[in-house]
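Residues per chain are reported as follows:
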Amino acid sequence: MRAMILAAGRGERMRPLTDHCPKPLLPVGGRPLITYTLDRLAAAGYREVVINLAHLGEQIRTTLGAQHAGLAIHYSPEPEGALETAGGIRKALPLLGDAPFLVVNGDVWCDHPLTPPETLRRSTNRPLAHLVLVDNPEHHPQGDFTLKDAQIGLDDGEALTFSGIGWYDPALFRDLPPGRHALGPLLRPAIAAGRITGEHHTGDWRDIGTPERLAALDAELGKR
């Protein structure tokens, strides 16, 4: 199974840090943030990863090169302004292959083992996606989706937050025309049809989306 790291965003909430450095390369614990995700992917047994590029993307390519910790790295360049999540995945499909693949947000810090669920190995009745949900952080108290019996829902129950970690069947994206597409509008009809499963991860998860959260993680790693 292959993986993709979403690294094309402008990082507006991280400005001015991201004016001259792409968010995935911001230093935390003495090394670029994205390398922690790469290390976890390698430890989970992935051997190929796709990284999409837009804002200052050549810095990422130059820094990481063609491999890291045994991972072969492929790049999917996008126009400045990026294609949003679904559009970026759609563009990268030729690099991701025909099997389900993992997608991780480039600004996520998480101790999830990144091992795919067994349901994605089915040849029939396979879900179109499997999402990792987490407890709602202070900056997102309303959550995103409900979870009951491993099924992602859109009902009015107690919602959890989408972690930015999920496995997807390429069939979910194949009918999308090229261009800019958000992920939410693509997921919701599939959720309503019962085609999206999920899990609740209760371990360490951080959305490193602001300078304050980056500094907090950097300080914590410095104590380890």
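Our structure is the block above this text.
Here the structure is a predicted model, which means the values were calculated and not measured.

Draft legend 1. Molecular detail of the pattern of salt bridges. Enumeration according to the criterion identifies 12 salt bridges in this entry. The salt bridge involving Arg15 is made with Asp19; its shortest N-O contact spans 2.7 Å. A relative accessible area of 26% places Asp19 in the partly exposed class. Arg31 serves as the salt-bridge partner of Asp39, at 3.0 Å between the closest nitrogen and oxygen. Judged by its relative accessible area of 29%, Asp39 is partly exposed. Relative accessible area serves as the criterion here: at 30%, Arg31 is assigned to the partly exposed category. Overlapping salt bridges bring together Arg13, Asp207 and Arg213 as one network.

Draft legend 2. Structural detail: the nonpolar core. Judged by nonpolar contacts, the single largest core of 39 residues is most densely connected at Leu41, Val49, Ile51 and Leu102. Among the elements that make up this core, the one with the highest residue count is helix α1 (residues 33–43) (6 residues). Every residue in contact with Val49, bar those within four places of it in the chain, is listed here: Ala3, Met4, Ile5, Leu38, Leu41, Leu71, Ala72, Ile73 and His74. Grouped together as the second largest cluster of nonpolar side chains are 28 residues, Val103, Ala129, Tyr168 and Leu176 included.

Draft legend 3. Expanded view of the environment of Ala192. Checked against the element boundaries, Ala192 lands in helix α4 (residues 184–192). By relative accessible area, Ala192 is classed as exposed at 66%. Distance from Ala192 to Leu154, taken between C-alpha atoms, is 7.3 Å for residues 38 residues apart in sequence.

Draft legend 4. Representation of the side chain of Thr146 within the structure. In this structure, Thr146 sits in strand β10 (residues 146–148). The exposure class of Thr146 is buried, given its relative accessible area of 7%. A polar side-chain atom of Thr146 sits 3.0 Å from a polar atom in the side chain of Asp155. Not counting the four nearest positions on each side in its chain, Thr146 is found in contact with Leu133, Gln151, Ile152, Gly153, Leu154, Asp155, Gly157, Glu158 and Ala159.

Draft legend 5. Inspection of helix α5 (residues 211–222) at higher detail. Here α5 contains 12 residues, and its C-alpha end-to-end distance of 16 Å stays within 8% of the 16 Å for a straight helix at 1.5 Å per residue. For α5, every residue scored as buried is listed here: Leu214, Leu217 and Leu221. One side of α5 holds all its buried residues, which, seen down the axis, span an arc of 70°. Of the residues in α5, the exposed ones pointing more than 90 degrees away from the buried face are Glu212 and Gly222.

Draft legend 6. Spatial organisation of the pairing of strand β9 (residues 129–134). Burial analysis of β9 places 6 of its 6 residues in the buried class, the great majority of the element. Burial along β9 is two-sided: the residues Ala129, Leu131 and Leu133 and His130, Val132 and Val134 are all buried. With 5 bridges joining them, β9 and strand β12 (residues 161–168) adopt antiparallel strand pairing. For Val134, the partnering residue across the bridge sits in β12 and is Thr161. Examined bridge by bridge, β9 and strand β13 (residues 196–200) share 5 bridges and lie parallel to one another. Within β13, the position partnered with His130 by the bridge is Thr197.

Cut-offs applied
- Residues numbered from 1 in each chain as written.
- Predicted model: local features only at pLDDT ≥ 70, side-chain atom pairs only at ≥ 80, totals over all residues.
- Heavy atoms only, no water.
- Salt bridge = Lys/Arg side-chain N within 4 Å of Asp/Glu carboxyl O.
- Buried < 20%, exposed > 50% of the residue type's maximum accessible area, 1.4 Å probe, protein only.
- Core = buried A, V, L, I, M, F, W, Y, C linked by side-chain atoms within 4.5 Å.
- Helix = DSSP H or I, 4+ residues; strand = E, 2+ residues; numbered from the N terminus.
- Contact = heavy atoms within 4.5 Å.
- Polar contact = N/O pair within 3.5 Å; in protein donor to acceptor, adjacent residues only side chain to side chain.
- Expected span 1.5 Å × (residues − 1).
- Arc of directions from axis to C-beta.
- Pairing = 2+ DSSP bridges.

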